[in-house]
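Coordinate analysis (summary)
Chain residues, written in single-letter form:
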Amino acid sequence: AKIESLKNISFKLGEGQTLGITGPAGSGKSTLLRLLMKMFQPAGGEITIGGVSSARIPLREMRNLFAYVPQETFLFSESIRENILFSQENKEQPEKAAAFAGSAGLESDLRDFPTGLETMLGERGVNLSGGQKQRVSLARAMAAERPILVLDDCTSAVDTETEQKILASLRSSTRRCTCIIVSHRMVSLQSADLIIYLDNGEIAEIGTHQQLLEKQGRYAQAWQRQRLKAELEKS
């Protein structure tokens, strides 16, 4: 029997806006991202980008629309600079690499590395912490300068404060790309233009942070739980 992993999903996101996606584990968040990026086709319904059905957009073109940072980062055994500028024709641009590293919250880390941007990474970035790997991966996605940036819980290994700084620098960057951010940390999504709370593959609730809090539904309950947990951890 065919199991529908996603159903009754419908939303519209304007160019340059940010979409936040949250919900319990296994609610279909990563599946939704993969569908949007045409990693597989929807069995029914339609996804349109700029008014064009994604079914009619060639795969190569789709790949050029999205910069994707997955949960599991993959880095090359090259320098941090070469990793960040991976999608650029000219990888010899240390100032450019440094700017994207800064936006991804890597500045202080680079100061700690004896050779900074020129630090060579071991196999799959083994000489970096989980958070540092995520931030190099994020800087690489930003340096690709694609129209849509997709972050799949990719700042889970950094603390909330660092994550806030990274997301703030994304919002204030001069080049306003469209952002789709999946995060289990709801505090990271509160300034998104639209938030989807997924459960069992369906949109349980949709709206801005304020609208969802006023609904006093699933989102508001999960938000209160997370706030309480954060307060307890602080004290």
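Residues numbered from 1 in each chain as written. Predicted model: local features only at pLDDT ≥ 70, side-chain atom pairs only at ≥ 80, totals over all residues. Heavy atoms only, no water.

Right, let's talk about the nonpolar core for a bit. If you look at the biggest cluster of nonpolar residues, it comprises 42 residues, and the most contacted ones within it are I80, I84, L149 and L151. Per-element tally for this core: the top contributor is helix α6 (residues 130-143), with 6 residues. With residues near it in sequence (within four places) discarded, L149 still touches A67, A141, M142, L170, C177, T178, C179 and I180. Residues L6, L35, M37 and F66 belong to the second largest nonpolar core, which totals 20 residues. (Core = buried A, V, L, I, M, F, W, Y, C linked by side-chain atoms within 4.5 Å. Buried < 20%, exposed > 50% of the residue type's maximum accessible area, 1.4 Å probe, protein only. Helix = DSSP H or I, 4+ residues; strand = E, 2+ residues; numbered from the N terminus. Contact = heavy atoms within 4.5 Å.)

Looking now at the sheet that holds strand β5 (residues 148-152). The strand order β4-β5-β6-β1-β7-β8 describes an open sheet built from 6 strands, whose pairing is mixed. One side of each edge strand has no neighbouring strand; the edge strands of this open sheet are β4 (66-69) and β8 (202-207). Here the strands of the sheet are splayed against their neighbours by 15 degrees on average, with no regard to which way each runs. Across the sheet, α6 is in contact with β4 and β5; its angle to β4 comes to roughly 180 degrees. (Pairing = 2+ DSSP bridges. Axes fitted to C-alpha atoms, helices over the stretch in contact; angles between N-to-C directions.)

The next subject is α6. Given 3.6 residues to a turn, an α-helix orients residues that are three or four positions apart in the same direction. Between the first and last C-alpha of α6 there are 20 Å, a value that for 14 residues agrees with the 20 Å anticipated at 1.5 Å per step. Burial analysis of α6 places 12 of its 14 residues in the buried class, which makes it a mostly covered element. For α6, the full list of buried residues reads G131, Q132, Q134, R135, V136, S137, L138, A139, R140, A141, M142 and A143. Note on α6: the residue one or two positions beyond its end, E145, has a positive phi of about 50 degrees. (Expected span 1.5 Å × (residues − 1).)

What follows is about the pattern of salt bridges. Two side chains bearing opposite charge may form a pair once their charged atoms approach each other closely. Under the criterion given, the structure shown has 7 salt bridges. A salt bridge links R135 to D109; the shortest N-O distance between them is 3.0 Å. Taken together, the positions of R135 in helix α6 and D109 in helix α5 (residues 107-112) put the pair 26 residues apart, joining distant regions of the chain. Neither R135 nor D109 differs from the other in exposure class; each is buried. When the shortest N-O distance is used, the salt bridge between E233 and K229 registers 3.6 Å. Here E233 pairs with K229, and both are found in helix α9 (residues 218-234), just 4 residues apart, close to one helical turn. Each member of the pair, E233 together with K229, is exposed. Each of R81, E92 and E118 takes part in salt bridges that share partners, so that together they form one network. (Salt bridge = Lys/Arg side-chain N within 4 Å of Asp/Glu carboxyl O.)

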